[in-house]
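Below, each chain spelled out in residue letters.
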Amino acid sequence: MNQLAKKSAIFAASAALAALSLSACSSGDAQPAASKPQKIEKIGLMVQDMSNPFFSAMDKGVKEAAAKIGATSNTQDAQLDLANQNSQIDTFIQQGVNLIVISAVDENGIQPAIERAKQAGIIVIAVDTPAKSADAVVMTDAVQAGEKSCQYLFEQMGGKGNVLLVDGTPLQTIRDRITGCKNIVKKFPDIKVVGQQASKNDRASGLAVTTDMLTATPDVQGVFGMNDPSALGAVLAVQQAHKAGTVKVTGVDGSPESVAELKQAGSPFIGTATQNPAEMVRKAVEIAQNIVDNKPPTDTTVLIPSELVTRDSVSQYKGW
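A few points on the structure. (Residues numbered from 1 in each chain as written. Predicted model: local features only at pLDDT ≥ 70, side-chain atom pairs only at ≥ 80, totals over all residues. Heavy atoms only, no water.)

Below, the discussion takes up the packing of helix α7 (residues 203-216) against helix α8 (residues 228-240). Relative to each other, α7 and α8 sit at 45°, their axes nearing to 7 Å. By the angle class used here, α7 and α8 are oblique. Relative to α8, α7 is oriented so that their crossing is right-handed. Residue-level inspection shows Arg203, Gly206, Leu207, Thr210, Thr211 and Leu214 of α7 in contact with α8, the latter providing Pro229, Ser230, Leu232, Gly233, Ala234, Leu236, Ala237, Val238 and Gln240. Residue composition of the contact of α7 with α8, by class: eight nonpolar, six polar and one charged. (Axes fitted to C-alpha atoms, helices over the stretch in contact; angles between N-to-C directions. Helix = DSSP H or I, 4+ residues; strand = E, 2+ residues; numbered from the N terminus. Parallel < 35°, antiparallel > 145°, perpendicular 65-115°, else oblique. Left-handed = near helix turned anticlockwise from the far one by under 90°. Contact = heavy atoms within 4.5 Å. Nonpolar A, V, L, I, M, F, W, Y, C, P; charged D, E, K, R; others polar.)

This is the structure we're talking about:
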């Protein structure tokens, strides 16, 4: 075969391969999405980290909601790992679940997996934080929660002093709580934020970052923790720095641990803005049921109001 003939043969083979590849892609893209379920019989709940009581309360909520509609439920723990959540969604697809309720580790990174689930005809409702491509999201009014927690903190500080913010992982709900707190800072000209560091949303990292900030800036009168585990870690840091009598701490969640801490005499922890994780899941199942009944939500973001719990009101708080 001469050189020209070789080149022609190679070109022809390449073109045929490309055409075959394009045909395969087109064929795959043309696959219609499965229709939505006629009934919700299997529910898959995906939580970020089951070691956090917040997500244990979600597990309780999904069991209650599933029993109410005669469905089964299966809860999976991502252990804060996006790869785990990707695999868990694929497993749920294989198991033929009708509804996935997800508290996403990464609201953007999980999008392709959610789209695979929807292609398979599964309804996907995000809870606690948005997730791209989900049919709806049910979450606490996180800006309001940050505002309520910090409003109370600054009032109890007498409207003046230095404050530390214990931030967290970059999820929308956490960013919103910090935004809410900073909205209130603007209303208190004598309150100054002198430190802000991100925890990993747990007590151990809350302790570590607060200790670091208190070492760098000892003159502090208040700490806002964007969730209760981080806030309770901050409480430990304040106590270890022997500042329990001069520094006040608030959080967000209304968790069982925070309730116990509010009942401790002399604790720096003075208040928490509530979330209702079980109600988020119950509401998610309700929305999915409405979708099955051809009544999709008019607003795909459902916000649950936050309430402030303090030492004075903790005895009336029903909790999780």
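Before going further, it helps to examine α8. Here α8 is 13 residues long and its end C-alpha atoms lie 18 Å apart, about the 18 Å a rise of 1.5 Å per residue gives. Counting buried residues along α8, 10 of its 13 residues qualify, which places the element largely inside the surrounding structure. Among all positions of α8, only Asp228, Pro229, Ser230, Ala231, Leu232, Gly233, Ala234, Val235, Ala237 and Val238 are buried. Sitting at the head of α8, asparagine 227 places a side-chain oxygen 2.9 Å from the backbone nitrogen of serine 230. (Expected span 1.5 Å × (residues − 1). Buried < 20%, exposed > 50% of the residue type's maximum accessible area, 1.4 Å probe, protein only. Polar contact = N/O pair within 3.5 Å; in protein donor to acceptor, adjacent residues only side chain to side chain.)

Let us look at the nonpolar core. By size, the foremost hydrophobic cluster in this structure holds 30 residues, and its most contacted members are Ile43, Met58, Leu99, Ile125 and Val138. Mapped by element, the contributors of at least two residues to this core are β1 (42-47), α2 (53-69), β3 (99-102), β4 (123-127), β5 (136-140), α10 (277-292) and β11 (301-304). It is α10 that provides the largest number of residues to this core, a total of eight residues. Look past the residues within four positions of isoleucine 125 in its chain and what remains in contact with it is Leu99, Ile100, Val101, Ile102, Asp135, Ala136, Val138, Ala284, Ile287, Ala288 and Ile291. (Core = buried A, V, L, I, M, F, W, Y, C linked by side-chain atoms within 4.5 Å.)

In this structure, the largest pocket spans a volume of roughly 350 Å³. Lining the largest pocket are 24 residues, with Asn52, Phe55, Asn201, Asn227 and Pro229 positioned closest to its centre. Those elements that place two or more of their residues in the lining of the largest pocket are α2, α6 (172-185) and α8. When its volume is computed, the second largest pocket comes out at roughly 280 Å³. Considering the residues around the second largest pocket, the lining is formed by 14 residues, among which Thr274, Gln275, Asn276, Tyr317 and Gly319 are closest to the centre. Breaking the lining of the second largest pocket down by element, the ones donating at least two residues are α2 and α10. Across the lining of the second largest pocket, the residue classes break down as five nonpolar, four polar and five charged. (1 Å grid on protein atoms, 1.4 Å probe; cavity = no way out; pocket = protein on both sides within 12 Å on 5 of 7 lines; lining within 4 Å. Points joined across faces, edges and corners; volume = space filled by probe spheres on them.)

Moving on: the pattern of salt bridges. Following the criterion strictly, the structure yields nine salt bridges and no others. The partner of lysine 63 in a salt bridge is aspartate 59, with the nearest N and O atoms 2.7 Å apart. With lysine 63 and aspartate 59 both in helix α2 and four residues apart, the pair spans about one turn of that helix. Between glutamate 107 and arginine 175 there is a salt bridge, with the nearest N and O atoms lying 3.8 Å from each other. Of this pair, glutamate 107 sits in the loop between β3 and α4 (111-119) while arginine 175 sits in helix α6, placing them 68 residues apart in sequence. (Salt bridge = Lys/Arg side-chain N within 4 Å of Asp/Glu carboxyl O.)

Now for the environment of threonine 250. With respect to the element layout, threonine 250 can be found in strand β9 (residues 248-253). Between the C-alpha atom of threonine 250 and that of valine 223, which follows or precedes it by 27 residues, the distance is 6.6 Å. When neighbours within four sequence positions are excluded, threonine 250 is seen to be in contact with Ser149, Tyr152, Leu153, Val223, Phe224, Gly225, Ala231, Phe269, Ile270 and Gly271. Only 2.9 Å separates the side chain of threonine 250 from the side chain of serine 149, close enough to count as a polar contact.

Taken as a whole and judged by the stated rule, the model has one disulfide. The disulfide bridge from cysteine 150 ends at cysteine 181, spanning 2.1 Å between sulfur atoms. Its S-S torsion of approximately -95° makes the covalent link between cysteine 150 and cysteine 181 left-handed. You can see cysteine 150 sitting in helix α5 (residues 142-156) and its partner cysteine 181 sitting in helix α6, a full 31 residues away along the chain. (Disulfide = S-S within 2.5 Å.)

A few words on the sheet that holds β3. Hydrogen bonds between backbone groups are what pair the strands of a sheet, and the pairing can be parallel or antiparallel. Spatial ordering of the open sheet is given by β2-β1-β3-β4-β5-β11, a layout of six strands whose pairing is parallel. At either end of the open sheet lies a strand with only one pairing partner, and these are β2 (72-77) and β11. Strand after strand, the sheet turns through a mean of 20° between neighbouring axes, direction not considered. When β4 meets β5, the two strands line up parallel, connected through three bridges. Within β5, the residue paired with valine 127 across the bridge is valine 138. Lying over the sheet, α2 contacts β1, β2 and β4, oriented at roughly 170° with respect to β1. (Pairing = 2+ DSSP bridges.)

So, about the side chain of serine 306. With respect to the helices, strands and loops of the structure, serine 306 is situated in the loop between β11 and β12 (308-310). On the basis of relative accessibility, which here comes to 0%, the residue serine 306 falls in the buried class. Sequence-distant contacts of serine 306, that is, excluding residues within four places in its chain, are made with Thr140, Asp141, Gln144, Ala145, Lys148, Ala273 and Thr274.

Purely geometric numbers; function is a separate question.
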